[in-house]
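Inside the fold
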Amino acid sequence: MNADTQLYINGHWVDPIKGGTFDTLDPSNETLIARVAAASAADVDLAVQAAREAFDEGPWPQMSGSARAAVLRRMAQGIRDRQQELAELEVRDNGKPLPEALWDIGDTAGCFDFYADLAEGLDSDQEHAVALADERFSAVVRKEPVGVAGAIIPWNFPMLMAAWKVAPALAAGCCMVLKPSELTPMSALELARIADAAGLPAGVLNVLPGLGQDAGAALAEHPGIDKLAFTGSVPTGSRIMQAAARDIKNISLELGGKSPFIIFADSDIEAAVEWIMFGIFWNQGQVCSATSRVLVQRELYAPLLERLEEEAAKVRIGHGMDEGVLLGPLVSKGQYDKVLTAITAGQEEGARLVYGGARPAGFDKGFYLQPTIFADVPQDSWIWREEIFGPVVCIRAFDDELEAVRSANNSRFGLAAAVMSKDLTRAERVARKLRAGIVWINCSQPTFTEVPWGGYKQSGIGRELGEWGLNNYLEVKQITRYDSDQAWGWYLK
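Worth saying up front: this structure is predicted, and the values here are computed from it rather than measured.

Conventions adopted
Residues numbered from 1 in each chain as written. Predicted model: local features only at pLDDT ≥ 70, side-chain atom pairs only at ≥ 80, totals over all residues. Heavy atoms only, no water. Salt bridge = Lys/Arg side-chain N within 4 Å of Asp/Glu carboxyl O. Helix = DSSP H or I, 4+ residues; strand = E, 2+ residues; numbered from the N terminus. Buried < 20%, exposed > 50% of the residue type's maximum accessible area, 1.4 Å probe, protein only. UniProt positions renumbered as here; feature names shortened; annotations may be inferred. Pairing = 2+ DSSP bridges. Axes fitted to C-alpha atoms, helices over the stretch in contact; angles between N-to-C directions. Left-handed = near helix turned anticlockwise from the far one by under 90°. Contact = heavy atoms within 4.5 Å. Nonpolar A, V, L, I, M, F, W, Y, C, P; charged D, E, K, R; others polar. Phe/Tyr/Trp six-rings, centres within 6.5 Å; stacked < 30°, edge-to-face > 60°. Lys NZ or Arg CZ within 6 Å of the ring centre and 35° of its normal.

Evaluated as defined, the whole model comprises 33 salt bridges. Asp 56 is paired through a salt bridge with Arg 52; the nearest N and O atoms lie 3.0 Å apart. Remark: Arg 52 and Asp 56 occur in helix H1 (residues 41-57); sequence separation between them is four residues, near one turn of the helix. Glu 127 is the salt-bridge partner of Arg 142, the closest N and O atoms lying 2.7 Å from each other. Within this pair, whereas Arg 142 is found in strand E7 (residues 137-145), its partner Glu 127 is found in strand E6 (residues 127-130), the two being separated by 15 residues in sequence. Owing to a relative accessible area of 21%, Arg 142 belongs among the partly exposed residues under this scheme. Members of the salt-bridge network, linked through shared partners, are Glu 270, Arg 307, Glu 310, Glu 311 and Lys 314.

The structure is reproduced here in structure tokens:
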């Protein structure tokens with residue numbers, strides 16, 4: 001590509017007011033993909049004004065749900081028509097293997113179709129009467145779009161994370177300013193092109209690549225934003241909460257995780273190894289819900305570690321476009337250095353390095369790292385308690401169910417958790433004891449648009465996906481009417 005990009009504001013491609021750019025690199029070889037337009041606070045202000053005008057005076061919020069659904073379905077089809085191209089762009093921008101990127105783009109299109117269905121449902125569900133105790137009055141309850149939404153998305157699933165916010169916001173009738181990660185901005189810009197081709201009115205979706213301290217902070221603090229949705233780290237989420245508190249702004253936060261995976265001794269060892277690997281090595285472990293803390297019942301502990309090491313050694317590492325690659329590079333040098341620092345900390349804290357932990361042989365360029373397995377990890381160690389966000393799994397043994405649940409719940413995070421056992425009664429019982437917003441039984445990481453996504457504790461506020469994702473962008477209003485012909489007569493007797 002090696003070209004300059006522009007900002008997408010009010011249906012037009014424009015240069016940043018201050019003319020700034022930043023480079024986005026291919027993490028597989030550290031070469032330049034594009035010089036990306038860098039939005040400043042002034043650009044954010046223009047985009048919010050455009051979204052504000054589109055919401056307050058434009059047709060989008062006033063259109064029927066069915067009419068909005070038609071645009072969303074055209075966007076879904078536009079994504080499908082370009083699935084291969086968009087997936088290859090994600091590989092270059094993020095580093096993930098092509099089969100994963102193709103899966104992501106397919107899910108992105110499916111997300112727009114799902115919210116198109118819910119938009120149609122608003123036509124019959126937007127307003128309903130409520131029976132009141134006093135028959136002299138009647139009341140209706142309405143669902144209305146929250147207004148102008150700001151969305152700040154992460155770099156691990158670039159286009160899919162955009163869809164998780166853009167699709168329900170548009171379905172609800174909101175207008176939006178989207179700020180993609182500066183590490184992976186390219187597919188969000190293509191989403192703007194797809195929206196434009198689908199006939200989305202000007203100003204309804206604005207896309208502003210830029211640095212977090214400039215565009216992100218300005219968007220979070222802008223008084224013209226009615227709703228802010230953020231996915232990313234806990235420290236950034238905390239700053240966004242502080243900014244939102246000044247205006248009592250509606251927010252939803254999907255933050256970090258340190259998700260546990262409890263494996264009982266009666267589990268099939270091959271299935272356990274498969275789901276451990278999927279739970280931590282998918283997307284190079286750069287997954288907020290990654291089951292990175294694995295608790296294995298003592299009887300199964302040693303043989304499972306042996307099999308896991310054998311299979312980790314077989315994982316093919318390389319460029320995401322190469323056939324058979326299962327582990328691509330980490331997204332950036334900064335992320336690569338953070339993960340290496342965590343690996344060093346784990347060794348210094350007494351965890352046993354079973355496999356990996358270094359750059360694989362033959363890769364002089366790019367941010368490649370071996371799949372990494374730590375065993376006998378102390379519960380008070382940094383790598384057991386904190387999110388690493390890389391292909392690093394931490395494993396320790398447990399003796400009984402009570403110990404496993406206590407250890408799993410002993411975390412400031414509560415995004416996801418998993419449990420594996422052939423005893424489904426036990427698995428269901430443990431699932432209900434785990435303090436997490438998402439719990440998987442006999443698997444790890446399957447994600448479906450139909451069900452809620454979000455966490456307990458410091459893993460966030462609110463839920464995305466399903467009907468809960470749509471509700472993020474709706475306000476509820478009551479309208480009560482006095483129906484009696486008689487004067488109320490409270491003050492005037």
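This is not the end of the story, as more comes after the structure.
Turning next to the UniProt feature "domain: Aldehyde dehydrogenase" (unreviewed entry) in the chain. Mapped onto this numbering, the UniProt entry annotates "domain: Aldehyde dehydrogenase" (unreviewed entry) at residues 13-479. The distance separating the terminal C-alpha atoms of residues 13-479 is 41 Å; by composition the span is 42% helix and 21% strand.

Turning to the pairing of strand E4 (residues 21-26), a few remarks are in order. By the alternation rule, side chains of E4 split into Phe 22, Thr 24 and Asp 26, which are all buried, and Thr 21, Asp 23 and Leu 25, of which none is buried. Both E4 and strand E5 (residues 31-37) contribute to a ladder of six bridges, which runs antiparallel. Its bridge partner lying in E5, Phe 22 is registered against Val 36. Counting the residues that bridge the hairpin from E4 to E5 gives four residues, and of these Glu 30 lies at a positive phi of roughly 65°.

This part is about the packing of helix H13 (residues 401-409) against helix H14 (residues 424-433). Packed helices, taken two at a time, are described by the angle their axes make and the gap between the axes. The contact between H13 and H14 brings their axes to 10 Å, and the two run at 35°. In terms of crossing hand, the pair formed by H13 and H14 is right-handed. On H14, the residues touching Glu 401, Val 405 and Asn 409 of H13 are Arg 426, Arg 429, Val 430 and Lys 433. For the contact of H13 with H14, a count of residues per class yields two nonpolar, one polar and four charged.

With that settled, the discussion passes to unusual backbone geometry. The residue Gln 284 is not glycine, and still its phi comes out positive at about 60°. With respect to the helices and strands, Gln 284 occurs in the loop between helix H9 (269-281) and strand E14 (293-297). One non-glycine residue with positive phi stands out, namely Asn 442, at about 55°. Among the residues examined, Asn 442 registers a relative accessible area of 27% and is labelled partly exposed.

What follows concerns the environment of Ala 69. Here Ala 69 shows up in helix H2 (residues 65-81). Put simply, Ala 69 and Ala 167 are 98 residues apart on the chain and 9.9 Å apart in space, counted from C-alpha to C-alpha. The residues contacting Ala 69, other than those within four sequence positions of it, are Ala 116, Ala 119 and Glu 120.

All right, on to the packing of aromatic side chains then. As enumerated under the stated definition, the model contains 15 aromatic pairs in all. Look at Phe 264 and Phe 398: their rings are 5.5 Å apart centre to centre, the planes differ by 90°, and that puts the pair in the edge-to-face class. With Phe 264 in the loop between strand E13 (260-263) and H9 and Phe 398 in strand E17 (residues 392-398), this residue pair connects regions lying 134 residues apart in the sequence. Comparing Phe 264 with Phe 398 shows no difference in burial state: the two are buried. Ring geometry for Trp 440 and Trp 453: centres 6.4 Å apart, planes at 50°, overall tilted. Of this pair, Trp 440 sits in strand E20 (residues 438-441) while Trp 453 sits in the loop between E20 and strand E21 (456-457), and the two are 13 residues apart along the sequence. Each member of the pair, Trp 440 together with Trp 453, is buried. Feature note: the residues Trp 103, Trp 275, Phe 278 and Trp 282 constitute an aromatic cluster, connected by ring pairs. A cation over a ring is seen here: Lys 227 above Tyr 473, with NZ or CZ 5.6 Å from the ring centre. For Arg 396, the ring lying beneath its charged end belongs to Trp 384, and the centroid distance is 6.0 Å.

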